[in-house]
Amino acid sequence: MEGQQIRKILKTSLSFVQPASASERKLFSTGLSGSFYVFGLSSGQTFVAHIPPDMEHFTLRTLRGPLPQLREVQWKRFDSIEDLNYQTNCQFAAGLSPAEQQVCVKALSPKRNYGRTEMTKIAFKYYNYHPILERAICLQQAHQAYRVAEILLADRKTQIQALLISRKKTKINQQQTKGEKQHVRN
């Protein structure tokens, strides 16, 4: 396959993103925590992605498509405060030449954008991420915000329950009036 064809397959826009089914999750080992999604490109290339809850290390495995030799894509964030770039690693099946492998990695790697664009939540240092990586980052951030909201909701429910219990306790422990004391004695 020519390099231009590979770029065309991998550089197309996203056509769909949906939660992965149980059979699609089987591409990954059991016991992984996090979320699993199916990403489809307009070219027909489809990946199942594992998005961990906290770590910025995204793994895609090829489900189907015109480029089955591309087995796995990993994006791992550099451990640097100054740089928000991701390292791209790919695993290939036999039959793809080193030149074709390099084209795949280059097509999936974040690119530095030297233009004067505004900073966004995703690209503080002006990087153009692959659409799948950009969407995976957004999904991870949404899941993290959801978990924080769940924790806050549980905490508020506990606080409400504590207030209700303390209100009931004050009723029970109220001092008895003079009439109630006489009624108890008789």
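Not measured: the values here are computed from a predicted model.

The rules behind these values
- Residues numbered from 1 in each chain as written.
- Predicted model: local features only at pLDDT ≥ 70, side-chain atom pairs only at ≥ 80, totals over all residues.
- Heavy atoms only, no water.
- Pairing = 2+ DSSP bridges.
- Helix = DSSP H or I, 4+ residues; strand = E, 2+ residues; numbered from the N terminus.
- Axes fitted to C-alpha atoms, helices over the stretch in contact; angles between N-to-C directions.
- Contact = heavy atoms within 4.5 Å.
- Core = buried A, V, L, I, M, F, W, Y, C linked by side-chain atoms within 4.5 Å.
- Buried < 20%, exposed > 50% of the residue type's maximum accessible area, 1.4 Å probe, protein only.
- Parallel < 35°, antiparallel > 145°, perpendicular 65-115°, else oblique.
- Left-handed = near helix turned anticlockwise from the far one by under 90°.
- Arc of directions from axis to C-beta.

Spatially, 1-2-3-4-5-6 is the arrangement adopted by the six strands of the open sheet, whose pairing is antiparallel. Two strands bound the open sheet, and with one partner strand each, they are strand 1 (14-19) and strand 6 (86-92). Taking each pair of neighbouring strands and ignoring which way they run, the sheet shows an average axis angle of 20°. Of the strand pairs in this sheet, strand 4 (residues 57-64) and strand 5 (residues 70-77) are connected by five bridges, and their pairing is antiparallel. Bridge pairing in strand 5 places Phe-58 opposite Trp-75. Packed onto the sheet, helix 3 (residues 98-108) meets strand 5 and strand 6 and runs at close to 145° relative to strand 6.

The next subject is the nonpolar core. In this structure, Leu-10 and Trp-75 are the most contacted members of the largest nonpolar core, which totals 29 residues. Sorting the residues of this core by element identifies helix 1 (3-10), strand 2 (35-41), strand 3 (46-51), strand 4, strand 5, strand 6, helix 3 and helix 4 (131-172) as the ones contributing at least two each. In terms of residue count, helix 4 provides more of this core than any other element does, five residues in total. If we skip the residues at most four places from it in the chain, Trp-75 touches Glu-56, His-57, Phe-58, Leu-60, Tyr-86, Gln-87, Thr-88, Leu-108, Pro-110, His-130, Ile-132 and Leu-133. In terms of nonpolar packing, the next biggest core, distinct from the first, is built from five residues, Ala-20, Phe-28, Phe-36 and Val-48 among them.

The description of two helices packed together rests on the angle between their axes and the distance between the axes. Their axes nearest at 9 Å, the elements helix 1 and helix 3 cross at an angle of 30°. Classified by the interaxial angle, the pair formed by helix 1 and helix 3 is roughly parallel. With respect to the hand of their crossing, helix 1 and helix 3 are arranged in right-handed fashion. Contact with helix 1, carried on its side by Gly-3, Ile-6, Arg-7 and Leu-10, involves Glu-100, Val-103, Cys-104, Ala-107 and Leu-108 of helix 3 and no other residues of that element.

To continue, consider helix 1. Inspection of helix 1 places Ile-6, Ile-9 and Leu-10 among the buried residues, and these make up the whole buried set. Buried positions in helix 1, seen along its axis, are confined to an arc of 85° and lie on one side of it. Opposite its buried face, helix 1 presents the exposed residues Gln-4 and Lys-8, each directed more than 90 degrees away. Here the buried face of helix 1 lies against strand 2, strand 3, strand 5 and helix 3.

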